[in-house]
Amino acid sequence: MQNKLVLIYDMSTNTTLFGKLVRECYTERNSSALREVKRLSGPGSHREQDFEKLFGFHYKLGKVVSVSGHLISAAISLRQEFANGFKVRTVPHAQDRKIPLVAKKLKIGGVVNRMFKANDAQRDLYHERLRSLHSEAELEKILCAGVKVQTRVHAELLLIDHFERNKAVFLDGDKYIGCSKPACYLCYHYISNHPNGYTTPPSHQKLYLAWRVPDTQKNDITHLQTQEKIMSKLIEKVREDLKREMRSQKPALPLHPDSTCGLTTTAPSLAPFMDLSGLAQSLED
């Protein structure tokens, strides 16, 4: 049996130990040991996902120190603004919800038919390419696993939704949404297609099946109509990129950071065109 080092801490009773752990993670960010962990988290490495998690946890713990420093610096440089009533507030996160995929609809033929029109010559080509990667039974097993996914609203969209509902006024009209990491593929295109002209963010272009739009009440007609317009354009963009991905037949991009604190641990991605087809199906549903 392999030896395992297990660190257990209780922040409520042992804040000193946790503080030391955070400080050590911060000071070791540029160490040769952590560079080796980062190398081992790359594609093709044995147990790359385990090393990715270790690297991500280490960086996120260390980031507590750097973020605290930024907050203190901001409080000092903006002390007059705070004295005049400036406040920093949080926006509540949205409740996780089950992905709107119906298991009985998750047949490969059905997905392909929903993605391509009946007279689209690329439909059969896409179907054959999927079959060249996995058997039909394996593909349907992958799709059915998506039914168990709990979706969440990403931070950028929570902020945009908050600003829209509260009719926020932006300084100099600059509708910029700051974030600690570049936007994902879907957030990027959601923001790009928003009719109220938010600044287009940088993007790492990663795909997350658990993504969803902000929740909207049935009687909120204005927000519903806005979301419908955005989603219509977004679904069409997914279809276009899926077809382009299929034609290119390029391999998936190597693992790359999606956060300013380093790698973010996420569920293993399927092939890009499988991600896109699954996303398109869930977005339409």
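## A short note on the side chain of Ser31
Position of Ser31 among the secondary structure elements: in the loop between helix H1 (15-27) and helix H2 (32-40). With relative accessibility at 15%, the residue Ser31 sits in the buried group. At 2.8 Å, the side chain of Ser31 forms a polar contact with the backbone oxygen of Glu28.

## Focus: a nonpolar patch on the surface
Residues Phe82, Phe86 and Val88 make up a contiguous nonpolar surface patch of roughly 290 Å² in combined accessible area. One can find Val88 in the loop between helix H4 (79-83) and strand S1 (97-98). Owing to a relative accessible area of 66%, Val88 belongs among the exposed residues under this scheme.

## Topic: unusual backbone geometry
Notably, Lys167 is not glycine yet its phi reads approximately 50 degrees, a positive angle. For Lys167, a relative accessible area of 70% corresponds to the exposed category. Phi at Gln205 takes a positive value of approximately 65 degrees, unusual for a residue other than glycine. Position of Gln205 among the secondary structure elements: in the loop between helix H9 (185-192) and helix H10 (221-248). With a relative accessible area of 36%, Gln205 lands in the partly exposed category.

## What to know about helix H8 (residues 155-165)
Burial in H8 covers these residues: Glu156, Leu157, Leu158, Ile160, Asp161 and Glu164. Buried residues in H8 make contact with H9 and H10. Positive phi shows up at Lys167, right after H8, with a value of about 50 degrees.

## Examining the packing of H8 against H9
Two numbers describe how H8 lies on H9: the axes approach to 9 Å, and their chain directions differ by 25 degrees. On the basis of the axis angle, H8 is roughly parallel to H9. Of the residues in H9, those in contact with Glu156, Leu157 and Ile160 of H8 are Cys187, Tyr190 and Ile191. Each residue belonging to the contact of H8 with H9 can be placed in one class, and the counts come to 5 nonpolar, no polar and 1 charged.

## Some thoughts on the pattern of salt bridges
Counted by the stated rule, this structure contains 8 salt bridges. Here Arg152 makes a salt bridge to Asp96, at a shortest N to O gap of 3.9 Å. Highlighted residues: Arg152 in the loop between strand S2 (150-151) and H8 and Asp96 in the loop between H4 and S1, separated in sequence by 56 residues. A relative accessible area of 47% means that Arg152 is categorised as partly exposed.

## Some points on the packing of aromatic side chains
Scanning all chains against the criterion turns up 5 aromatic pairs. A centroid spacing of 5.1 Å and a plane angle of 80 degrees characterise the contact between Phe82 and Phe86, whose relative ring orientation is edge-to-face. Judged by its relative accessible area of 33%, Phe82 falls in the partly exposed class. Seen in terms of ring centroids, Phe170 and Tyr198 are 5.9 Å apart; in terms of plane orientation they differ by 80 degrees. Their pairing is edge-to-face. Of this pair, Phe170 sits in the loop between H8 and H9 while Tyr198 is found in the loop between H9 and H10, placing the two residues 28 residues apart along the sequence. With a relative accessible area of 16%, Phe170 lands in the buried category. Linked through ring pairs, Phe163, Phe170 and Tyr198 together constitute an aromatic cluster. Taking NZ or CZ as reference, Lys175 lies 5.3 Å from the ring centre of Tyr198, over its face.

Analysis parameters
- Residues numbered from 1 in each chain as written.
- Predicted model: local features only at pLDDT ≥ 70, side-chain atom pairs only at ≥ 80, totals over all residues.
- Heavy atoms only, no water.
- Helix = DSSP H or I, 4+ residues; strand = E, 2+ residues; numbered from the N terminus.
- Buried < 20%, exposed > 50% of the residue type's maximum accessible area, 1.4 Å probe, protein only.
- Polar contact = N/O pair within 3.5 Å; in protein donor to acceptor, adjacent residues only side chain to side chain.
- Patch = residues over 30% accessible without salt bridge, like charges linked within 9 Å, V, L, I, M, F, W, Y side chains within 5 Å.
- Areas by Shrake-Rupley, 256 points an atom, 1.4 Å probe, with all protein chains shown as cover.
- Salt bridge = Lys/Arg side-chain N within 4 Å of Asp/Glu carboxyl O.
- Contact = heavy atoms within 4.5 Å.
- Axes fitted to C-alpha atoms, helices over the stretch in contact; angles between N-to-C directions.
- Parallel < 35°, antiparallel > 145°, perpendicular 65-115°, else oblique.
- Nonpolar A, V, L, I, M, F, W, Y, C, P; charged D, E, K, R; others polar.
- Phe/Tyr/Trp six-rings, centres within 6.5 Å; stacked < 30°, edge-to-face > 60°.
- Lys NZ or Arg CZ within 6 Å of the ring centre and 35° of its normal.

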